[in-house]
Amino acid sequence: MGTAAVAATSLLPGCASSKEGKKAADDLELKISFQEGTAPGENLAEKLDFMESLGIVGFEPGGRGLKGRVQEIKDALNGRNIKVSAICAGFGGFILAEDPAVKNEFDTTMREIVEAAGELGSTGVIMVPAFNGQKPCMPHTLETRDYLCEELHKLGEFAKSCGTTVILEPLNRAEAFYMRLVADAAAIARDADSEGVKAMGDFWHMKEETSDFGALMSAGKQYLQHVHIASRGNRRMPGEDGELDNYVDGFRALRQIGYDKYVSFECGCGGDRATLVTAAVNLLRAQWEESRCC
Ligand code: MG
């Protein structure tokens, strides 16, 4: 009991503890990242120019074909204040496939993307263990969870050797029943027992959580490696769904755990892209300010 109490307190460097902790939480920077389709522009250079004009510091490319794009991306980012944040999936097959050929396709393509992610200095490669539509899939049992943790351990150690990680993304029950909550992804990362296995939160999928704050706190700094953001009604630019698009509670958790990774746009756009992207960035910055302790 005593040990648990100490551990819980150490997760809260912000308001709950010292003056220094509060200052560190209040000073924390919001590092915004865009996926490749987020910014307007005819090509990558134009998109990155637009991103720089808004002070965006992260870029999240898709993983498909990444090996062949490493030099292109390095060249495009050279001299800019933008780094690769995370890599979004892009592999073939899936890790819980019952068919050995499909599992092998996952192993081969995922490792190729992880290697490229390491070369690009990415925080990790995002993955989902199994979408509902991916079949035949191993049954949702305790044995499967153990198998998943063992397989993730091997993959995580490989990612670590490449200087990066694999990032588990919980979705929602309509898309991937296997892993729905941030706490569940973080617990699987913990049980995989590799520093190369992490978790993330996506404000869109987090509609099933009872609390944004609780969800992100449950992963804590040790496991939370990436965050996705979108409007909360229709998965468009933050702000397009009005009052629904409140992220302050989640941002408060990011401040308290001292989250130093990226919040990355993963969303569509319901109107003029340049206008709506700019408004979304302004909204997030305003809500980030609002999420200060006091
Ligand atoms: Mg996502």
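Just above, that's the structure.
A. Looking closely at the overall build of the protein chain. Scanning the protein chain from terminus to terminus reveals 10 helices and 9 strands. The C-alpha radius of gyration of the protein chain comes to 19 Å, within 12% of the 19 Å expected for a compact globule of 294 residues. The principal-axis extents of the C-alpha atoms in the protein chain amount to approximately 55 × 50 × 35 Å. Out of the 294 residues belonging to the protein chain, those deemed buried represent 50%. Once local pairs closer than 6 in sequence are excluded, the contacts in the protein chain between residues at least 24 apart make up 77%. Here the protein chain displays about 12,900 Å² of accessible surface, and carbon together with sulfur accounts for 52% of that area. Each charge sign in the protein chain was given a centre, from 32 positive and 44 negative side chains, and these centres are 3 Å apart.

B. Structural view of the coordination of the magnesium ion. Surrounding the magnesium ion are the protein donor atoms Glu169 (OE), Asp202 (OD), His228 (ND1) and Glu266 (OE), which sit 2.0 to 2.2 Å from the metal. Sequence spacing of the donors to the magnesium ion: E-x32-D-x25-H-x37-E. Taken as a pair, His228 in strand β8 (residues 224–229) and Glu266 in the loop between β9 (263–265) and α10 (273–290) lie far apart in primary sequence, 38 residues in all. The same class applies to His228 as to Glu266, namely buried.

C. Region of interest: the packing of aromatic side chains. This structure, assessed with the given rule, holds 6 aromatic pairs. Relative to Phe106, the ring of Phe91 has its centre 5.1 Å away and its plane inclined at 85 degrees; by these criteria the two rings are edge-to-face. Residue Phe91 is found in the loop between β4 (87–88) and α5 (100–119), and its partner Phe106 is found in helix α5; the two are separated by 15 residues along the sequence. Each member of the pair, Phe91 together with Phe106, is buried. Ring geometry for Phe203 against Phe251: centres 6.1 Å apart, planes inclined by 90 degrees, an arrangement best described as edge-to-face. In this pair, Phe203 sits in the loop between β7 (197–202) and α8 (212–223) while Phe251 sits in helix α9 (residues 248–257), placing the two residues 48 residues apart along the sequence. Using a relative accessible area of 0% as the deciding quantity, one classes Phe203 as buried. The class for Phe251 is buried, based on a relative accessible area of 0%. By the ring-pair criterion, three or more aromatic residues cluster together here, those being Phe203, Tyr247, Phe251 and Trp288. If you follow Arg111 out to its NZ or CZ, it ends over the ring of Phe158, 5.6 Å from the centre. Sitting over the face of the ring of Phe177, Arg180 holds its NZ or CZ atom 5.5 Å from the ring centroid.

D. Representation of the pairing of strand β1 (residues 32–35). Judged by which residues are buried, β1 turns out to be covered on both faces: Ile32 and Phe34 on one side and Ser33 and Gln35 on the other are all buried. Bridge count for β1 against β9 is 3 bridges, and the pairing is parallel. Considered in β9, the bridge of Ile32 is made with Val263. Alignment of β1 against strand β2 (residues 58–60), held across 3 bridges, turns out to be parallel. When the sheet's bridge partners are listed, Gln35 is paired in β2 with Glu60.

E. Layout of the side chain of Thr144. Assignment of secondary structure puts Thr144 in helix α6 (residues 142–161). Among residues more than four places away in sequence, those in contact with Thr144 are Leu96, Met138, Pro139 and Tyr178.

F. Looking closely at helix α7 (residues 182–192). Val182, Ala185, Ala186, Ala187, Ile188, Ala189 and Ala192 are the residues of α7 that are buried. If you follow the buried residues of α7, they end up packed against α6, β6 (166–168), β7 and α8.

G. Seen up close, the nonpolar core. In terms of nonpolar packing, the biggest core is built from 79 residues, with Phe34, Met110, Met127, Leu152, Leu168, Leu254 and Phe265 touching the most fellow members. Aside from chain neighbours lying at most four places away, what touches Phe34 is Ala39, Met51, Leu54, Ile56, Gly58, Phe59, Glu60, Ser264, Phe265, Val277 and Val281.

H. Region of the structure containing unusual backbone geometry. The amide bond that connects Lys135 to the next residue, Pro136, takes the cis arrangement and shows omega of 0 degrees. Its place among the elements puts Pro136 in the loop between β5 (125–127) and α6. Not every positive phi belongs to a glycine, and Ala89 is a case in point at roughly 45 degrees. Phi is positive for Asp193, close to 55 degrees, though the residue is something other than glycine. Note that Asp193 resides in the loop between α7 and β7. We classify Asp193 as exposed; its relative accessible area is 59%.

Cut-offs and rules
Residues numbered from 1 in each chain as written. Predicted model: local features only at pLDDT ≥ 70, side-chain atom pairs only at ≥ 80, totals over all residues. Heavy atoms only, no water. Helix = DSSP H or I, 4+ residues; strand = E, 2+ residues; numbered from the N terminus. Rg over C-alpha atoms; globule rule 2.2 N^0.38 Å. Buried < 20%, exposed > 50% of the residue type's maximum accessible area, 1.4 Å probe, protein only. Contact = heavy atoms within 4.5 Å. Areas by Shrake-Rupley, 256 points an atom, 1.4 Å probe, with all protein chains shown as cover. Lys, Arg positive; Asp, Glu negative; His and termini not counted. Charge placed at Lys NZ, Arg CZ, Asp CG, Glu CD. Donors = N, O, S within 2.8 Å, 3.2 Å for Na, K, Ca; no water. Phe/Tyr/Trp six-rings, centres within 6.5 Å; stacked < 30°, edge-to-face > 60°. Lys NZ or Arg CZ within 6 Å of the ring centre and 35° of its normal. Pairing = 2+ DSSP bridges. Core = buried A, V, L, I, M, F, W, Y, C linked by side-chain atoms within 4.5 Å.

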